[in-house]
Amino acid sequence: MELTVNGETLEIAADPSTPLLWVIRNELNLTGTKFGCGGGYCGSCTVQVDGEARRSCITPVSDVAGATVRTIEDLADAEGVLHPIQQAFIDNQVPQCAWCMSGQMMTALSFLENAAAPTDDDIVTAMGENYCRCGCYVRIKAAVRDAAAVMGGAA
Ligand code: FES
Ligand code: FES
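Residues numbered from 1 in each chain as written. Chains lettered and ligands numbered in written order. Predicted model: local features only at pLDDT ≥ 70, side-chain atom pairs only at ≥ 80, totals over all residues. Heavy atoms only, no water.

Peer 1: For this particular structure, what's the right way to read the overall build of the chain?
Peer 2: The helix and strand inventory of the chain stands at five helices and five strands. Across the chain, helices and strands are ordered from the amino to the carboxyl terminus as β-β-α-β-β-β-α-α-α-α. The C-alpha radius of gyration computed for the chain amounts to 15 Å, which stays within 12% of the reference 15 Å derived for 155 residues, consistent with globular compactness. Across its three principal directions, the C-alpha atoms of the chain cover 40 × 30 × 25 Å. Burial status across the chain gives 46% buried among its 155 residues. Excluding contacts between residues fewer than 6 apart, the proportion of contacts in the chain whose partners are at least 24 apart in sequence is 61%. (Helix = DSSP H or I, 4+ residues; strand = E, 2+ residues; numbered from the N terminus. Rg over C-alpha atoms; globule rule 2.2 N^0.38 Å. Buried < 20%, exposed > 50% of the residue type's maximum accessible area, 1.4 Å probe, protein only. Contact = heavy atoms within 4.5 Å.)

Peer 1: Which parts of the structure should I look at to understand the sheet that holds strand β2 (residues 8–11)?
Peer 2: Strand pairing in a sheet takes place through backbone hydrogen bonds and is either antiparallel or parallel in direction. Taking strand neighbours across the sheet as the criterion, the five strands line up as β2-β1-β5-β3-β4 in an open arrangement whose pairing is mixed. Of all the strands in the sheet, just β2 and β4 (52–55) have a single pairing partner and so form its edges. On average, each strand axis in the sheet is inclined to that of its neighbour by 35°, with strand direction left out of account. Here strand β1 (residues 2–5) runs beside strand β5 (residues 68–70); their pairing, made up of two bridges, is parallel. If you follow T4 over to β5, its bridge partner there is T68. In this fold helix α3 (residues 101–112) packs onto β3 (46–49), β4 and β5, with an angle of close to 30° to the strand it touches most, β3. (Pairing = 2+ DSSP bridges. Axes fitted to C-alpha atoms, helices over the stretch in contact; angles between N-to-C directions.)

Written as structure tokens, this is what we have:
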């Protein structure tokens, strides 16, 4: 099956039932996307599929055949300039262990591409299903707020 990942169209030979997460990590060696719970609960494996945040641990690769997938490796531009979301997470010193962070940022990306001026309540709701065992929620909210101000609803 064919899959476009981070702008590159690829032929994927994996068994159709293979979770997208394992295709991304093991076949494409894009290890920024993390395995957490494996059951669709924590959000650490979140990637973007056709512009929507998606939990790759519970998504069979066959479900996204022909789709466009973005992972955390695609956020910085070709010159290595960080995406406003990445920069805001750094500026706010958000991560502790950082395990949840790519999922947090990919969820924020899908949210902020469609929310020009979110309120704090909007941010809490949008990010509320992405868990952080280090408890960085206050700084996550601040970073998403800062990124929203830069992005203004744009990709
Ligand atoms: S690892 Fe996918 S939701 Fe937790
Ligand atoms: S920074 Fe450690 S789980 Fe979120």
